[in-house]
Amino acid sequence: MDINIPHSLGRVEAKRRIEEGLPKLAAHIPGGGGLTSQWQGDYALTMEITALGSRIPVSLTIEEDRLIGSLEVPLLMKMMQGQVAEFVKTSAGKMLEKA
Amino acid sequence: MQVYTAPLRDMRFVLNELHQDDGFGGLPVHEEFTTDLTDAVLEEAAKVCQDVLLPINLSGDAEGCRYENGVVRTPKGFKEAYDQFVENGWGGLVMPVEYGGQGLPEAVGKLVEEMICATNVSFSLYPGLTAGAVTALAAYASDELKALYLPKMISGEWSGTMNLTEPHCGTDLGMLRTKADPVGDGSYKVTGSKIFISAGEQDLTSNIIHLVLARLPDAPKGVKGISLFLVPKFLPDADGNPGARNGVRASGIEHKMGIKASATCQMQFDDAVGWLVGQPHRGLEAMFTMMNAERVGVGIQGLGIGEAAYQSAVWYAKDRLQGRSLSGAKYPDKAADPIIVHPDVRKNLLTMRAYNEGCRALGAWVARGLDAERHATDPEVRQRAEDFVALMTPVVKALFTDLGHDSASLAVQVYGGHGYIHESGVEQYQRDARIAMIYEGTNGIQALDLVGRKLGAHMGRLLRSFFHPVSAFIEENKGEGPMQKMIEALEKAFGALQLSTATIAEKGLKDAEEAGAAASDYLRLLGLVGMAYCFAKSTKIAGLQLFFGTPDKAFYETKIKTATFFFEKILPQATAHFLAIKAGKGALMAFAEDEF
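From a predicted model like this one, the values you see are computed outputs, not experimental measurements.

Quick notes on the rules
Residues numbered from 1 in each chain as written. Chains lettered and ligands numbered in written order. Predicted model: local features only at pLDDT ≥ 70, side-chain atom pairs only at ≥ 80, totals over all residues. Heavy atoms only, no water. pLDDT = per-residue confidence, 0-100. Salt bridge = Lys/Arg side-chain N within 4 Å of Asp/Glu carboxyl O. Helix = DSSP H or I, 4+ residues; strand = E, 2+ residues; numbered from the N terminus. Buried < 20%, exposed > 50% of the residue type's maximum accessible area, 1.4 Å probe, protein only. Contact = heavy atoms within 4.5 Å. Buried area = accessible area lost by both parts, 1.4 Å probe. Polar contact = N/O pair within 3.5 Å; in protein donor to acceptor, adjacent residues only side chain to side chain. Nonpolar A, V, L, I, M, F, W, Y, C, P; charged D, E, K, R; others polar. Pairing = 2+ DSSP bridges. Axes fitted to C-alpha atoms, helices over the stretch in contact; angles between N-to-C directions. Phe/Tyr/Trp six-rings, centres within 6.5 Å; stacked < 30°, edge-to-face > 60°.

Visitor: Can you tell me about the confidence of the model for chain B, naming the residues and giving the values?
Guide: Considering every residue of chain B, the mean pLDDT works out to 96; 100% of them sit at 70 or more. For this predicted complex, the interface score ipTM comes out at 0.89, alongside a pTM of 0.95.

Written out as structure tokens, the structure is:
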């Protein structure tokens, strides 16, 4: 499923805020879940959300005015892929908001 | 009071969420049936069942069917309900499109069947038998017979029956005596008596198409000499409409314990004109196509009644004021608390609820298998689905009907003395549920089918279609986390099932009575593990929904509570069944006949 999160921060500032926000986000994942992340280049990030034995890989690329990327939910979670995308969007939005 | 609102939310859960990873989904033939469309179908079915079938359930039981000079009258309101039912296309919901059916997935159809059975199981038998007959004819009849009979049967204008049992032979069909003599023009003259024929005669349809097991003159003895014949009540005329009366009639109806609005007939065939369906002497194979479809359907009857019994009991437990809560008055302003405050009443209610949700979840998986075995494009998936359906058919039939009857009995218990009175409505559930444990092969026969035919088939391949997903789920979810207690319990029960399988394989090969003695315990153990697997998966999905944020928090939280109840209060029964299997046949066979 594709993700598109607009912002007006420019690439560099957006990356800085995400770098700062990721540890906080990982610490605030609800019980039974986890988040790992790895930069794949200057502006490409891969993450893995884990929850109740399920793993959801997410890839994000930071562009000047938006984050674009995709996530892949396991078949068992097919019906909740919209919620997972919303979870990623909300979490990324919160990181981008914080200066 | 008979109370029923279709559990649509849970139905949507088992249909759209629970089994998405089973490999049976994504069938191109069902692409057009989107979630929105199937939701709409379920909602409409719920309305028909609640508004049309439920109001004539209790009255139909009180009035029953009447027999007068070969004519059978169904109770008041049944003809009108049937007309409305077929007019809106419910009879052809899952039937083949090429003959006028709507071709919906069985996964949807079985949920609709559950609603029909919950609101009026007697009524369900009329379209239910037709559906089974259509399945057999579609698979084995000549193109000519299919073209002439299937469209009218699928539309519900004509109905179908299955005629196996004779006064002297039920389970042992090898003793069957009805004969069929070739006339020379491709037709046969069928002569004999049949009993216990559901919908053998009724006033709902303009023609009745009987599928009859009979012997040809040169037939070998035993089950290998049985052929299947199509015998219509009225012979179709040149235009395909009901013409001359055929030599088949009802000679009476049975006066039964339950399903009183279903006409169970004694049938007499006197040189009745019929046509062969399938190959000579291979009628049992064709009839078993019908029978297998019916067996899953009978299981759904148990589930439907179980759900209706649960809802009716919940209504009463909230309404009936008696005594005070053990932890202090919950409603001090009232003369007494409602009985739902009492732990034992809650245990009864939750047992019913867990049975229903467990069976619905397991049934939905099997229904997806039914779709995949027919329509999957990948031969490997088709084979796996066929294996799974073959393995689980006796489990669905026996487990669901046993638990449906248990639920009905528990509902009577919740009502207390009032439950024993006809007007309460719940004693009817228990009477109606009882037959489902008997017909289409008794539950004992289902257990023998499971251990005798299914376990060893293809070197255990059928069993692997169930064992593999359960084992993979346990492996995937083992370790730390909120589900660990549940996964450990599932692993323990699954281990008991694996050990039991090995025990039966080892002892049963040397001594068939060992397998027979273990059969019903084994079937229940497999059913418990199947339900536990579904509840564990449900818990995982519910947990994920709550984790990622759902607008339907209440549903998922309650699902986890029901699953927890199942694991803590019902799954421990698995150990008892395991121990009984391990004990072997000794205690059963030690008795000489004269010691009974």
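Visitor: Give me the pattern of salt bridges: which residues, what numbers.
Guide: If you walk through the whole model with that rule in mind, you get 42 salt bridges over all chains. Salt-bridge contacts for Glu20 of chain A lead to Arg16 of chain A; the nearest nitrogen and oxygen are separated by 2.9 Å. Residue Glu20 of chain A and its partner Arg16 of chain A are both found in helix H1 (residues 11–27); the two are separated by four residues, about one turn of the helix. Given a relative accessible area of 32%, Arg16 of chain A falls into the partly exposed group. The salt bridge partner of Glu568 of chain B is Lys485 of chain B, with a shortest N-O separation of 3.7 Å. Of this pair, Glu568 of chain B sits in helix H15 (residues 553–570) while Lys485 of chain B sits in helix H13 (residues 484–510), and the two are 83 residues apart along the sequence. The class of Glu568 of chain B is partly exposed, set by a relative accessible area of 46%. Owing to a relative accessible area of 63%, Lys485 of chain B belongs among the exposed residues under this scheme.

Visitor: So what about the interface of chain B and chain A? Which residues, and what values?
Guide: Across the boundary between the two partners, chain B contributes 21 residues, which contact 21 residues of chain A. When chain B packs against chain A, the two sides together hide about 1700 Å² of surface, and 75% of this comes from carbon and sulfur. Scanning the region where chain B abuts chain A turns up zero salt bridges. The tally of links from chain B across to chain A stands at five residue pairs in polar contact (both at pLDDT 80 or more). Looking at which element gives the most residues to the side of chain B that touches chain A, the answer is helix H14 (residues 512–548) of chain B, with nine residues. Here the residues of the side of chain B that touches chain A sort into seven nonpolar, nine polar and five charged.

Visitor: An account of the sheet that holds strand S2 (residues 33–39) of chain A is needed here, citing residue identities and associated values.
Guide: Residue and element names in this part refer to chain A. As summarised here, the arrangement of the five strands in space is S1-S5-S4-S3-S2, forming an open sheet in which the pairing is antiparallel. Sheet topology places strand S1 (2–6) and S2 at the edges, where each strand pairs with a single neighbour. The mean inter-strand angle of the sheet, taken between neighbouring strand axes irrespective of direction, is 20 degrees. Bridging between S1 and strand S5 (residues 66–71) involves five bridges; their strand directions are antiparallel. Counterpart to Pro6 in the pairing with S5 is Arg66.

Visitor: Outline the packing of aromatic side chains, listing residues and values.
Guide: Any two aromatic rings considered together are summarised by their centre-to-centre distance and by the angle between their planes. Residues and elements named next belong to chain B. All told, the structure shown has 23 aromatic pairs over all chains when counted by the stated rule. Pairing Trp365 with Phe466 gives two aromatic rings, centres 6.0 Å apart and planes at 40 degrees, and the pair type is tilted. Of the two residues, Trp365 is situated in helix H8 (residues 343–375) and Phe466 in helix H12 (residues 461–477); the sequence distance between them amounts to 101 residues. For the pair Trp365 and Phe466, a shared accessibility class is recorded, and that class is buried. Between Phe547 and Phe548 the ring centres are 4.7 Å apart and the planes differ by 70 degrees, which places this aromatic pair in the edge-to-face class. Across this residue pair, the class does not change: Phe547 and Phe548 are buried.

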